[in-house]
Amino acid sequence: VQFVESGGGLVQPGGSLSLSCVASGFSFSLNEMSWYRQRSERERDLVAGIRSGETIYADSVKDRFTISRDKARNTVYLQMTRLKPEDTAVYFCNAGYSIPQYKNWGQGTQVTVSS
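Everything in this summary refers to the structure shown in the same document. Since this is a predicted model, take the numbers as computed values, not measurements.

Structural notes on the sheet that holds strand β9 (residues 89-95)
Then comes step 1: Ordered in space as β2-β10-β9-β4-β5-β6, the six strands form an open sheet in which the pairing is mixed. At either margin of the open sheet sits one strand with a lone partner, and together these are β2 (9-11) and β6 (54-57). Averaged over all pairs of adjacent strands, the angle between their axes in this sheet comes to 25°, without regard to strand direction.
Then comes step 2: Strand direction decides the pairing type here: strand β5 (residues 44-51) and β6, joined by four bridges, are antiparallel. Looking at β6, one finds that A48 is bridged to Y57.

Considering the packing of aromatic side chains
Then comes step 1: Under the criterion given, the structure shown has five aromatic pairs.
Then comes step 2: Seen from their ring centres, F3 and F26 are 5.8 Å apart, and the 50° between their planes marks the pair as tilted. In this pair, F3 is assigned in strand β1 (residues 2-6) and F26 in the loop between β3 (17-24) and β4 (33-38), connecting sequence segments 23 residues apart. Of the two residues, F3 and F26, both sit in the buried class.
Then comes step 3: Aromatic pair F3 and Y102: ring centres 6.4 Å apart, planes at 50°, arrangement tilted. Residue F3 is located in strand β1, and its partner Y102 is located in the loop between β9 and β10 (109-113); the two are separated by 99 residues in the primary sequence.
Then comes step 4: The exposure class of F3 is buried, given its relative accessible area of 4%.
Then comes step 5: Site record: aromatic cluster; members linked through ring pairs are F3, F26 and Y102.

Digging into the nonpolar core
Then comes step 1: Counting residues in hydrophobic clusters, the biggest one holds 28 residues, and the most contacted among them are M33, W35, V76, L78, M80 and Y91.
Then comes step 2: Counting only elements with at least two residues in this core, the list comes to β3, β4, β5, β7 (65-70), β8 (75-80), β9 and β10.
Then comes step 3: Each residue touching V76, except ones within four places of it in the same chain, is listed here: L19, S20, C21, F28, M33, W35, I50, I67, S68, R69 and C93.

Some remarks on the sheet that holds β7
Then comes step 1: The strand order β1-β3-β8-β7 describes an open sheet built from four strands, whose pairing is antiparallel. Sheet topology places β1 and β7 at the edges, where each strand pairs with a single neighbour. Taking each pair of neighbouring strands and ignoring which way they run, the sheet shows an average axis angle of 15°.
Then comes step 2: Direction of pairing for β3 relative to β8: antiparallel, over a ladder of six bridges.

Here's the deal with the pattern of salt bridges
Then comes step 1: Following the criterion strictly, the structure yields seven salt bridges and no others.
Then comes step 2: For R51, the salt bridge goes to E54, with nearest N and O atoms at 3.2 Å.
Then comes step 3: Note on R51: relative accessible area 29%, which makes it partly exposed.
Then comes step 4: For the salt bridge of D87 with R64, the shortest nitrogen-to-oxygen distance reads 2.7 Å. Of this pair, D87 sits in the loop between β8 and β9 while R64 sits in the loop between β6 and β7, placing them 23 residues apart in sequence.
Then comes step 5: A residue is classified by how much of its surface remains accessible, and D87, at 1% relative accessible area, is buried.
Then comes step 6: One continuous salt-bridge network, built from bridges that share partners, spans E32, R51 and E54.

Reading the values: the criteria
- Residues numbered from 1 in each chain as written.
- Predicted model: local features only at pLDDT ≥ 70, side-chain atom pairs only at ≥ 80, totals over all residues.
- Heavy atoms only, no water.
- Pairing = 2+ DSSP bridges.
- Helix = DSSP H or I, 4+ residues; strand = E, 2+ residues; numbered from the N terminus.
- Axes fitted to C-alpha atoms, helices over the stretch in contact; angles between N-to-C directions.
- Phe/Tyr/Trp six-rings, centres within 6.5 Å; stacked < 30°, edge-to-face > 60°.
- Buried < 20%, exposed > 50% of the residue type's maximum accessible area, 1.4 Å probe, protein only.
- Core = buried A, V, L, I, M, F, W, Y, C linked by side-chain atoms within 4.5 Å.
- Contact = heavy atoms within 4.5 Å.
- Salt bridge = Lys/Arg side-chain N within 4 Å of Asp/Glu carboxyl O.

Written as structure tokens, this is what we have:
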């Protein structure tokens, strides 16, 4: 099982970024997927999850972030808008809807929101 996240970077408050995660080693089309983030030394927190017909978001990102997936490309996306400094974190993806299914994680992608 492998996850490869990309798309992070430095953005000013109020800006936007789009993250991608390519997954392999399991039946992506049959699995739910989620994005998580880890800020400083804190634990990874759920940001958003997606499964057939449903999505779930952390309260702090509702109406700003959108999760989507392309089953043909084994890719899950996270479109982030109106970014805030508190969104600064390393972002990861994993299988599962709100609980990570696999113990192994990718390297993540750093998002820094700063003026």
